[in-house]
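Coordinate inspection notes
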Amino acid sequence: MSSAIPLNVGIARSAGVTNADGGKRVLLAEPRGYCAGVDRAVETVEKALEKHGAPIYVRKEIVHNRHVVETLRERGVVFVDETDEVPEGAVVVFSAHGVSPAVHESAATRNLHTIDATCPLVTKVHQEAKRFARDDYDILLIGHEGHEEVEGTAGEAPEHVQLVDGPAAVDKVTVRDESKVIWLSQTTLSVDETMETVQRLRQRFPGLQDPPSDDICYATQNRQVAVKAMAPECDLVIVVGSRNSSNSVRLVEVALGAGAKAAHLVDFAREVEPAWLDGVRTIGITSGASVPEILVRGVLDMLAEHGYGDVQPVTTANETLVFALPRELREARH
């Protein structure tokens, strides 16, 4: 999946950087951008278009990225909020964030041809929720209220799940039996904030159990680790990603928490304000897990025009994980 140790943190110390343009440089985080789940989800929609033709319907945004959504919309994808907006018998793709059983049931009543692009790592959390609900646990789901992934996971066992939206929400939690309490989490959270929430929960409920395996996705963690490695060297960190992308928003917070003097989230290079560059020598660049590399390249090209042509990679992991497409779209073996 990824390397457990830094491979090439490759950051030249500020004092050692001298060049003709005054030492301007870019530290480029690796890994960044598309994770395996996003890659699978976007390809799922593209393959569905090839197989069934337009229009293809997608419930919610397939992934949280403006560029990806607009590009697919131009190709004949219709994004809807709920399945009752999809014509009976049509093809609908469920987004990478997952859906609740109620959504599957709603689609079945409308005779929709469903293709489930839920990230397998989100599906794992769904399975954990079902398992611990069967065993009559109180499940404390750490996540952001209203996020599609949280709604899907909670929908697996609504009578057993309580949402805990950050450390400040811990005091409101009540449980039936302190010996049967477990925490799960949204996959795209800040690792540090999640552990702070868990620590507070454990102070209240010493018998709190951990999930069988880490819920925060490997890609979310890897991108945060890379940002932490370069942030102390950065006058500015630019995170490429959309504002409704939880993991992208977290990267800005992680950068600031790890020592970057400033950090901003942008969808496109044109959103970078020239004033941000005043007096800045070292800029860190990364992108959220739903961001195509073309958007990062646009930011790099724009920065090069402002004298930031020296690009140094900051590599903290290698990612090799690939997820198979949904069964309906896999090519038949001959």
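Here the residue numbers are simple positions, counted from 1 along each chain's written sequence. Only residues with pLDDT of at least 70 get local features here, since the model is predicted, and only at 80 or more are side-chain atom pairs given and counted; chain-wide, interface and lining totals rely on the full set of residues. To get the side-chain values, all heavy atoms of the structure are used, and hydrogens and water are removed first.

The next point concerns the pattern of salt bridges. Counted as salt bridges are all cases of a side-chain nitrogen of Lys or Arg within 4 Å of a carboxyl oxygen of Asp or Glu. Counting across every chain of the model gives 20 salt bridges. Glu 30 is the salt-bridge partner of Arg 32, the closest N and O atoms lying 3.9 Å from each other. Arg 32 gets classed as buried once you look at its relative accessible area, which sits at 15%. Residue classification places Glu 30 among the partly exposed positions, given a relative accessible area of 28%. Within this structure, Glu 30, Arg 32, Glu 293 and Arg 297 form a network of salt bridges that share partners. Think of it in three bands: with a 1.4 Å probe and only protein chains considered, a residue is buried below 20% of the maximum accessible area for its type, exposed above 50%, and partly exposed in between.

Between N-to-C directions, angles cover 0 to 180 degrees, with each direction set by a line fitted to C-alpha atoms, over the stretch in contact for helices. Under the scheme used here, helices are H or I runs from DSSP no shorter than 4 residues and strands are E runs no shorter than 2 residues, and both carry numbers assigned from the N terminus. The N-to-C vectors of helix α7 (residues 218–230) and helix α8 (residues 246–257) enclose an angle of 25°; their axes lie 9 Å apart at closest approach. As far as their axial angle goes, α8 and α7 are roughly parallel. In this structure, α7 crosses over α8, and the sense of that crossing is right-handed. Of the residues in α8, those in contact with Thr 220, Arg 223, Gln 224, Val 227 and Lys 228 of α7 are Asn 247, Arg 250, Leu 251, Val 254 and Ala 255. Across the contact of α7 with α8, the residue classes break down as 4 nonpolar, 3 polar and 3 charged. Angle categories: roughly parallel below 35 degrees, roughly antiparallel above 145, roughly perpendicular from 65 to 115, and oblique for all the rest. Crossing handedness is defined as follows: a turn of the near helix away from the far one that is anticlockwise and smaller than a right angle gives a left-handed crossing, while the clockwise case is right-handed. Only heavy atoms matter for contacts: two residues are in contact if any of them lie within 4.5 Å across the pair. For this classification, the nonpolar set comprises Ala, Val, Leu, Ile, Met, Phe, Trp, Tyr, Cys and Pro, the charged set comprises Asp, Glu, Lys and Arg, and every other residue, Gly included, is treated as polar.

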